[in-house]
Amino acid sequence: MRYVTWRASTGVYNPPMRPLWKLSDLKRMHAGQNTWQEQIIKDPEQDATYNSAAPGTKLGPRLHPDTPTVFVVIAGEVRFSV
């Protein structure tokens, strides 16, 4: 995948960061793929990845010690253990 540096009036956004990500653009970028992920933010303080998975997909356990974690479900259902 090729990233482009985005410029806005407030400064420069280094790849993969951009001032705005549209869900429709992400879906178009991954058309035809059932399960995919896209790095949205990657800097020394934050790391955010958009994950899309086909129904029935299982992801392995993940450990995030001392790190705030947010889950957002746009469509469908998710089951996880704490």
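Residues numbered from 1 in each chain as written. Predicted model: local features only at pLDDT ≥ 70, side-chain atom pairs only at ≥ 80, totals over all residues. Heavy atoms only, no water.

1. What to know about the overall build of the protein chain
Stage number 1. Helix and strand content of the protein chain: one helix and four strands.
Stage number 2. When the elements of the protein chain are put in sequence order from the N terminus, they spell out β-β-α-β-β.
Stage number 3. Across the 82 residues in the protein chain, those meeting the buried criterion constitute 10%.
Stage number 4. Put simply, 22% of the contacts in the protein chain that link residues at least 6 apart link residues at least 24 apart.
Stage number 5. Total accessible area computed for the protein chain in this model is approximately 7500 Å², and 53% of it derives from carbon and sulfur atoms. (Helix = DSSP H or I, 4+ residues; strand = E, 2+ residues; numbered from the N terminus. Buried < 20%, exposed > 50% of the residue type's maximum accessible area, 1.4 Å probe, protein only. Contact = heavy atoms within 4.5 Å. Areas by Shrake-Rupley, 256 points an atom, 1.4 Å probe, with all protein chains shown as cover.)

2. A look at the pairing of strand β4 (residues 47–52)
Stage number 1. Pairing of strand β3 (residues 36–42) with β4 involves six bridges; the strand directions are antiparallel. By the bridge assignment, Gln39 is partnered in β4 with Thr49.
Stage number 2. Linking β3 back to β4 in an antiparallel pair, the connection comprises four residues. (Pairing = 2+ DSSP bridges.)

3. Section: a nonpolar patch on the surface
Stage number 1. A cluster of nonpolar side chains, Phe71, Val73, Val78, Phe80 and Val82, forms an exposed patch at the surface whose accessible area comes to about 590 Å².
Stage number 2. Checked against the element boundaries, Val78 lands in the segment after β4. (Patch = residues over 30% accessible without salt bridge, like charges linked within 9 Å, V, L, I, M, F, W, Y side chains within 5 Å. Salt bridge = Lys/Arg side-chain N within 4 Å of Asp/Glu carboxyl O.)

4. Focus on the environment of Trp36
Stage number 1. Looking at the secondary structure, you find Trp36 in strand β3.
Stage number 2. Residue contacts for Trp36: discarding those within four places in its chain leaves Leu26, His30, Tyr50, Asn51 and Ser52.

5. Let's talk about the side chain of Glu38
Stage number 1. Assignment of secondary structure puts Glu38 in strand β3.
Stage number 2. Its relative accessible area of 2% is what places Glu38 among the buried residues.
Stage number 3. Within the structure, Glu38 has its side chain in polar contact with the side chain of His30 (distance 2.8 Å). (Polar contact = N/O pair within 3.5 Å; in protein donor to acceptor, adjacent residues only side chain to side chain.)

6. Thoughts on the confidence of the model for the protein chain
Stage number 1. Across the protein chain, pLDDT averages 79, with 87% of residues at or above 70.
Stage number 2. Within the protein chain, the element-level pLDDT minimum falls on strand β1 (residues 6–8), averaging 51, and the maximum on helix α1 (residues 23–29), averaging 91. (pLDDT = per-residue confidence, 0-100.)

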